[in-house]
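Architecture and fold: a report
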Amino acid sequence: MYSEWASLSAQISANSCGAQCFSVLNKFPASAGREVVVSVVKQLGTNLGITQNAEPSHLVKDEEVKWCMDVICFGLSLPLQEHETIKDCVNVYCEWLTALHPQPRISVPKPICEDANLYARQIINHFHNLFVPRQGESADTIKRQAVLCHRVLRTLQQTAQISQLMDRQTWDTLLLFLLAINEILLAPPTVKDDVGDQLCERVLSVLFEVWLLACVRSFPSPSMWKTLQESCAMWRHRVALVDQWNRVNLALTARLLEFSYGPAFPQLKNADEDGQLIPVGMSNDCVAQTWYRFLRMIGNPTALCSPHIISKSSHFVQWALTHEKGAETHQHPCLQQLPQIFLNAMKGISSQVDAFLGLSKTSLIGLTGGGARNAISSSSGTTSSGTTSSASSASTAALGGPGGGAGAAAGPGIPGSTGAGSGGGSAPAPAPTTPTSTSGPPSASSSINSLPLTSMGAGVELAVARPKCNSILHVFHEWLFEAAHIGGDTWRQNRKKQACEASKRPSSMIMEHRKGSISLSQPNSLNDPQSLPPTLTIDKYESGRAEAIGTLCKIFCAKKTGEEILPVYLARFYMALQQCLKITESRECDETLASILLHSSDLFRLDLDGINVLLPGFIAALEIVLPDKDLKLKTQSMVFNRTELRRSAIHILLSIMVLPLHYQTLPIRDLTSETSEKMFTFIQLKSRLMNILMNALQVETDAQNTHMLLGGLLLCVQDAVTFEETELGGGNANSISHNSSGVQHHEANLLSSACSERSASLVSAGTASLGGQTTATMGAGSGSIRDTASAHDYPSLTISDDMSFEFGQELEGVTSYDNAHALFVRATYLVCHRLISSWKTDLNVSLAALELLSGLARLHIRETDALECKRAVKWICDYICYQCSRPPPAHSKDLHSTIVAAFQCTAAWLMQHPYLLQDKDCLQTVLEVVELGISGTKSQSKGTDIPKFKDEKELKPASMRVRDAAENLLTIILEQVGYFPSECGPESISSLLDELALMKHCNSMVPAAAASSEQAIAKFKYFVTENSTILALLEEPLGNDQDPQPTVTLLIRGPFGRHAWTMQLRHLPRSKSGIKYHAVNPGRPIPMNDVTQRPDCEQKNFPEGVDKVQPCVADYSIPTIEQMREQYGSASIRELEAMLENQSIHEKLAWAEADTSADSLSHAQECVPPAVCHEFHAARLFLSHFGFLGFETRNPHNPAEALGNPPQRPLIVLDTKSTAFAADLDRLDKLSARTHDTVYVFYVKSGQTSAQQIVGNMAEEQAASHDTHFASMLQTLGWPVQVAEHSGWTGFAHNSWSLKGTPEEQQQQQQQQQLKSTANEPLNYNGSQRVLYWADVCSEIAFVVPTTWNLRYNSDTGDGGSISSTDQMVNPSNVWARGEAAGDGAAGLAKSKSRNLSLELDTSRRDAKEPVPPTRRKGNVTKPTLLAQAPAKIFLVWLESYEDYLNFPLEDVLAYTRTGEELHTLQLPRAADCHVIFVHSLLSGLLRVKLQGPPGRMSFATPLVDGMVLSRRVVGNLVRQTALNISRRRRLDNDNYQPPHVRRRLKVQDIVQKYKMDLSEAELLAHLFQRAI
């Protein structure tokens, strides 16, 4: 840099020698000189005003002053015993130097005042004598000398600061003087506690601070700079040099950043005293020049690794020559400090790199002498632990190279000269990091603890306006690359080469000490490295090397999307990394390895060209760090947090997980060896990656790390399964060739049975049978059809319950991960095992594990093992039992959340594997757990116990949430397992029929009359049973039934949906009901008409012998006719007789008529069956047959009834005449029995920051410019559905779950839509006509891609709840009225508050068999019922440029994402509550994921993990699962959340309260006999 300029070191030497010979008194004996000095100086000292008042000086002529100065010059060189005299000399000179001040002291002689600069230069030179070390002095006198030196330094520094008079010559003299005293004190080898050791830090700080002042007042010449650089080279064995150098560099860097990148760039915060280092008036150009020169001042820091170079100066040579035992220069004990000095130098450089990257936390403990801390904090402030606000882009242009001046050719320039800074304002985005427990702050011995990578990988936000990587490398590359190679193979080869060259040329032992500076950047050794003391061997420099390679990793990880890095830098970086990743034989993790892993978590997700050549090296490093439970860290000066180290390693693992199946048989070249012996293919690394993942999961103890590993595990299994389905789906066994070792060489069959060198050797070493089994299983996995054997004929190659993990290790390398099935089995086993054993107490890990198991359940693997699935379900059930059985203090909200999640997980397994319920044991296990959830205890705690019946048990569920979840699972088992999706498709688990639809099929309805639901409802009878199920009964047969039978059509509305049934009372099975069992004419015989003669006989009323019986008193109690006549008179008797006579006449006439009529037996006709009855009271029959009319008597033993409550009424009649009834019923139908969520999908083109631009990307004309993978990802998220025909959730409250009319109407609608919609809108899923939809048995999710239509639509609905009539898709009758505002808004709300806690076990209607139930938590009494919390807003954002996630306009985009439900919630959704899944497409075709969301305990769900890299095969599936899991976690975390079936049940209870008719039993029966209208 200054090669053309002359050095001033000779002048320094001359001044040093000259000061000692200046004085005439040197010519006299020492004693004579001392006496002169004592007397003269004492006199001068009295005038200074120290002991008495100051007087004007008597020295008025130049000669007088010069004579006195001659004396003082000699006085300063006196032995230290003359302390008082020396002190007076110092006092006099310090006073006289005030001549340069604006106000000189009164005692300064007049000549000095008149020519201050001339005298000041002499005084400064004379001061040299004071600093010369005296030999053999005691520690006490040395301290006194140091005190005087301090005084002089303070005076000189103060003078330099405040003087206005100093000319350039004086400045140069001052700087040369400071260089000279540093030289004399610091160049000799360090000796503890001598004056050099005591003053070391002080003289250096004064030198640097005065130098900085000179840069402002009188910029030093290039010769001065060159001299400074040469001098510093001689002091590098002093720790203080590098500390002060770092201090000045950081202060200058802070100023440089300020004006280069503007105020928005994260500010480099230095300690307050370091902030004062830079003089006030320093211009930007001057800062830039000074910064670069100071940076280069100590030469190449890697020279510190060569004691031979550092000890080349004449002072070390002199020590070696005078050493009594004879020693080499590099064996001086003071050089033991070199490794620490090297580390400090590297940490200083690292801190500067951090500052340029804008890293928001850097701790530099002990980097400066005073132990000052330098931390970078972002200009927008730091938020709470774990989240840092990153300041966003500065709109300033970057710094250009400094122009002109002496340093115009000052090397490669300034970092950032390539220009950076994206325009636009700043949007601080909090990084989503979960606070984790770490092992406390680093200990003080760690000197500097450079930037650790924080939690989720995104904890460290780089500045948006940071310079390009190339710019930073231009400045620091030489030092960092050299430092990274220290001790590596290439470094050793270079040393040998240089040693050979050195031995060929003549060497001279004693070199002129200045010449040593020429080679200060060449780490060559002229001596045998074996002669180094053990504390200076090259491995002792490892800490500095680790810092250097860590810094390089940080620089390369700062690459932005599309940024180019020079190939030469990439090549050198990869070489350095490969050297540093070499694994030692002891397989320990050393500092270099740890530093690489800590700082390179992003390396594989940045599109760095050729980065995959490092894959084998990184995998070997991960194999050391992750599977080891007690990781042994071999450290010297650096302290690593093991949890952070593992987390960073997991990030790297997650970014390379999908590479083997992505690149398949592509070879990975070895960087160093030319031959292809060691060449790997990607697919060979698959089994090693799986081993790392499984073993890491087995030993991981940190919750967040476990969470990440679980996400990675599901990614692996999902990727393998999808890969086999798509890529290997048509694999044919005949095309696979087997060679003797069982390794298969075929391109299509990439899951070869031997995935690594180790497994190949294992197979070929004699485990041929094992290899054979593997290939068989593999073949089945590839979809091949074998003639001889199926996979099940072979023993399972998975690790089973009774097999230890250790025993399994040998199998792993060969077999475990050959195909998706084996991976699935291993993952299920491992996760279930860990869930039960060690994860059950941690909420987040339990949830992540259960999410993973649910994900595994959904995978379609060809040869799924029923036993494995059964075992998984058994384990989950055991988990629920364990959690429920924990003691009461452990029962918290978190515990119940895990139980609820476990019930949901069980449901997922049973839905996907319905055959499990055919297994008796499995069915019993599941139902026992359901019973435990609902009632709180099992009927049989052991198999041998006598079962306890329902009415004998007390109802004590763990909590209402657990009970609801268990009920839900029971319903799924009974209704859905094996039957979902139903005929209606997955979009509905309810029947698509309602009253209106049924009436349209009814014979009695005139089509025109079926216009309104009120009319249809009038035809039905409504009853409520169990206070939770509404029965609507229609007694008319439907039109398609030709066979009139007692028919009743039911609509059952219960907590779990709406179901339609038609029932007929049949006396014969359908198969026989068509056969008539009687002929048309039975052909009866003709009756015989001859009537037999009846003999006339007298009728006797009494037996014949009655007269013979003797009458008694009782016989006379009945009066005779005569007596009656006498009593009542004859008239009454005559009337009676007349009546009897008339009657007999009538009877005789009737007999006669009957004999002559056609119906008489003589004229009998053929019998005809009666007319078929079409009128049935079928509702009454149904209710009676199903036991709803059995009115129970009071049971005095039941506690609920003993209290005087009326017995439970099995049936409640609803009054349907109210006009609001139809609306309430519709509202109930609008409450889905499943959860529903919406994900909004956005496409962000590079650099877009406004919501209008982003939403505008989905316009028709923009679609062509999208990434093609975006459209294919959308297709994998869900099924495209037409909103007009869709009966599930559409993403909008007003038209979801509505019935879409008859097929004829639908056809008309479709035709209209086809006319209106444009055919070429493949991505138009904004919800106006089409939307992407997915559903399973308990959840629905809609994916909406908003366009400008959504904003218009939202503003329309938001105003008054009415949808504008222009939107053709909206059927006005289907609009969901806002809240309950359809007429009973306030009343409905009041009621909802009161009924919010009611449950089906309401005390007003307790069943005789049920004891007192628990009630719901009382905390939410005043909350409205519908939704206490808005559903989670989830955004899926496709980024063309990854950095755009920082500027995504969340707040503005919310306006496009209304569902209509916001009206029901207490608060509108806020940007802070939104979850965003960013997906960025890498050049390799893989996708990088970035998650952002509220920093809650449960906000981050799996399987996606921040920073994960996915393949396109699985992105849709994993995004969907993550969105569902995020929503589930939100619901679990919300105290006021009610599951859908509970909300439906509460709605039914609400309807009951409003419309019930209080009928007695008699009135109820009478009601049944009335016809509906």
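The structure displayed is predicted, hence computed values, not measured ones.

Calculation rules
Residues numbered from 1 in each chain as written. Predicted model: local features only at pLDDT ≥ 70, side-chain atom pairs only at ≥ 80, totals over all residues. Heavy atoms only, no water. Pairing = 2+ DSSP bridges. Helix = DSSP H or I, 4+ residues; strand = E, 2+ residues; numbered from the N terminus. Buried < 20%, exposed > 50% of the residue type's maximum accessible area, 1.4 Å probe, protein only. Phe/Tyr/Trp six-rings, centres within 6.5 Å; stacked < 30°, edge-to-face > 60°. Lys NZ or Arg CZ within 6 Å of the ring centre and 35° of its normal. Patch = residues over 30% accessible without salt bridge, like charges linked within 9 Å, V, L, I, M, F, W, Y side chains within 5 Å. Areas by Shrake-Rupley, 256 points an atom, 1.4 Å probe, with all protein chains shown as cover. Salt bridge = Lys/Arg side-chain N within 4 Å of Asp/Glu carboxyl O. Contact = heavy atoms within 4.5 Å. pLDDT = per-residue confidence, 0-100. Axes fitted to C-alpha atoms, helices over the stretch in contact; angles between N-to-C directions. Core = buried A, V, L, I, M, F, W, Y, C linked by side-chain atoms within 4.5 Å. Expected span 1.5 Å × (residues − 1). Parallel < 35°, antiparallel > 145°, perpendicular 65-115°, else oblique. Left-handed = near helix turned anticlockwise from the far one by under 90°. Nonpolar A, V, L, I, M, F, W, Y, C, P; charged D, E, K, R; others polar. Disulfide = S-S within 2.5 Å.

Across the sheet, which stays open at both edges, the 8 strands sit in the order β15-β16-β17-β14-β18-β19-β20-β21 with mixed pairing between neighbours. Each of the sheet's edge strands pairs with one partner strand only, and the pair in question is β15 (1279-1282) and β21 (1509-1510). As judged from the 6 bridges shared by strand β14 (residues 1235-1244) and strand β18 (residues 1434-1439), these two strands associate in the parallel manner. Residue pairing in the sheet places Phe1242 in a bridge with Val1437 of β18.

Attention now moves to the pairing of β14. For β14, a buried count of 10 out of 10 residues is recorded, marking the element as mostly surrounded by other parts of the structure. Pairing of β14 with strand β17 (residues 1339-1344) involves 6 bridges; the strand directions are parallel. Note that in β17 the partner of Thr1238 across the bridge is Ala1342.

This paragraph deals with the packing of aromatic side chains. For any two aromatic rings, the description comes down to two numbers: the centre-to-centre distance and the angle of the planes. Scanning the model with the defined rule gives 34 aromatic pairs in all. Considering the side-chain rings of Phe131 and Phe177, the 5.9 Å spacing of their centres and the 75 degrees angle between planes classify their relative orientation as edge-to-face. Linking Phe131 in helix α7 (residues 128-131) with Phe177 in helix α9 (residues 168-186), this pair joins segments that are 46 residues apart in sequence. Of the two residues, Phe131 and Phe177, both sit in the buried class. Here Tyr1022 and Phe1221 contribute two aromatic rings whose centre-to-centre distance is 5.0 Å and whose plane-to-plane angle is 75 degrees, an arrangement assigned as edge-to-face. Here Tyr1022, found in strand β9 (residues 1021-1025), pairs with Phe1221, found in helix α43 (residues 1220-1229); they are 199 residues apart in sequence, far enough to count as distant. Look at Tyr1022 and you get buried, because its relative accessible area is 2%. Given a relative accessible area of 0%, Phe1221 falls into the buried group. Chaining the aromatic ring pairs together yields one cluster made of Tyr1240, Phe1242, Phe1435, Tyr1442, Tyr1445, Phe1448 and Phe1478. Here the guanidinium or amino end of Arg296 rests over the ring plane of Trp479, the centre of that ring lying 4.7 Å away. Between the NZ or CZ atom of Lys840 and the centre of the ring of Tyr882, over which it lies, the distance is 4.6 Å.

Below, the discussion takes up a nonpolar patch on the surface. Where nonpolar side chains cluster on the molecular surface, the patch consists of Leu1136, Met1139 and Leu1140 and spans about 340 Å² of accessible area. Of note, Leu1140 is situated in helix α40 (residues 1130-1156). Look at Leu1140 and you get exposed, because its relative accessible area is 59%.

Our focus in this paragraph is helix α39 (residues 1121-1128). Among the 8 residues that make up α39, 0 are buried, leaving the element largely open to the surroundings. Within two residues after α39, Gly1129 carries a phi angle of roughly 90 degrees, on the positive side.

What follows deals with unusual backbone geometry. Looking along the chain, the bond that leaves Phe980 and enters Pro981 is cis, with omega of -5 degrees. Among the structural elements, Pro981 can be located in the loop between α36 (960-976) and α37 (995-1000). Backbone torsion omega between Thr1502 and Pro1503 reads 5 degrees, so that peptide bond is classified as cis. By the secondary structure assignment, Pro1503 is in the loop between β20 (1487-1492) and β21. A positive phi angle, near 60 degrees, is found at Asp607, a position not held by glycine. Within the secondary structure layout, Asp607 lies in the loop between α22 (591-599) and α23 (615-625). Even without being glycine, Asn1027 reaches a positive phi, approximately 55 degrees. Turning to its location among the elements, Asn1027 is positioned in the loop between β9 and β10 (1029-1034).

Relative to the assigned elements, Ile624 resides in helix α23. Using a relative accessible area of 5% as the deciding quantity, one classes Ile624 as buried. Taking the C-alpha atoms as reference points, Ile624 and Cys589, separated by 35 residues in sequence, lie 6.8 Å from one another. Filtering out sequence-adjacent residues up to four positions away, Ile624 remains in contact with Ile583, Arg587, Glu588, Cys589, Leu593 and Leu631.

Time to look at the side chain of His896. Of note, His896 is situated in helix α34 (residues 893-912). Setting aside residues up to four positions removed in sequence, His896 forms contacts with His891, Ala958, Ser959, Arg961 and Val962.

Another aspect to go through is the confidence of the model for the protein. Per-residue confidence for the protein averages 74 on the pLDDT scale, and 71% of its residues sit at or above 70. In this model residues 730-816 is a low-confidence stretch, pLDDT under 50, and it forms 136 contacts with partners more than four residues away in sequence or in other chains. When the criterion is pLDDT under 50, residues 1315-1320 qualifies, and its contacts beyond four places in sequence or with other chains add up to 4 contacts.

What follows deals with the sheet that holds β10. Read across the open sheet, the 6 strands follow the order β12-β11-β10-β9-β13-β22; overall the sheet is antiparallel. Each having just a single partner strand, β12 (1057-1064) and β22 (1556-1557) make up the two edges of the open sheet. Along the sheet face, α43 touches β9, β10, β11 (1047-1054), β12 and β13 (1212-1214) and points at about 65 degrees away from the line of β11.

Core analysis: the largest hydrophobic core is formed by 318 residues, its most contacted members being Trp96, Phe556 and Trp909. Counting residues per element, this core draws most heavily on helix α10 (residues 195-217), which supplies 14 residues. Among all residues touching Trp909, those that are not within four sequence positions of it are Phe824, Thr828, Leu853, Ser854, Leu856, Ala857, Cys869, Ala872, Val873, Ile876 and Leu916. If you look at the next biggest cluster of nonpolar residues, it comprises 31 residues, including Val464, Leu1439, Tyr1445 and Leu1446.

Here the focus is α9. With 19 residues, α9 extends 26 Å from end C-alpha to end C-alpha; this agrees with the ideal 27 Å at 1.5 Å per step. Of all 19 residues that make up α9, 15 are buried, and the element is covered over most of its length.

Before going further, it helps to examine the packing of helix α3 (residues 62-75) against helix α6 (residues 116-126). Axis separation between α3 and α6 bottoms out at 10 Å; the angle between their running directions is 15 degrees. When the interaxial angle is binned, α3 and α6 end up roughly parallel. The handedness of the crossing between α3 and α6 is right-handed. Taking contact as the criterion, the partners of Asp62, Val65, Lys66, Met69 and Cys73 in α3 are, on α6, Tyr119, Gln122, Ile123 and His126. Partitioned by chemical class, the residues of the contact of α3 with α6 number 5 nonpolar, 2 polar and 2 charged.

With 6 of 6 residues buried, β18 lies mostly within the body of the structure. The side-chain alternation of β18 yields two buried faces, one formed by Ile1434, Leu1436 and Trp1438 and the other by Phe1435, Val1437 and Leu1439. In this structure, β18 lies alongside strand β19 (residues 1475-1481), joined through 6 bridges in parallel fashion. Across the sheet, residue Ile1434 finds its bridge partner in β19, namely His1475.

Per the stated rule, a full pass over the model turns up 35 salt bridges. Here Lys870 makes a salt bridge to Asp919, at a shortest N to O gap of 3.5 Å. Pair noted here: Lys870 is in helix α33 (residues 866-884) and Asp919 is in the loop between α34 and α35 (920-935), with a separation of 49 residues, a long-range link. Taking the relative accessible area as the measure of exposure, Lys870 reaches 23% and is therefore partly exposed. Among the residues examined, Asp919 registers a relative accessible area of 25% and is labelled partly exposed. Note that Glu928 and Lys938 form a salt bridge whose closest N and O atoms lie 3.6 Å from each other. Taken together, the residues span a long stretch of sequence, with Glu928 in helix α35 and Lys938 in the loop between α35 and α36 at a distance of 10 residues. Ionic contacts of the salt-bridge type, sharing partners, join the residues Asp1224, Arg1227, Lys1547, Asp1550 and Lys1554 into one network.

With that out of the way, let us pick up the state of the cysteines. Disulfide: a covalent bond connecting the sulfur atoms of a pair of cysteines. A complete count under the given rule lists 0 disulfides for this structure. Just so you know, Cys215 is unpaired, no disulfide at all, and the nearest cysteine sulfur is the one on Cys286, 5.4 Å from it.

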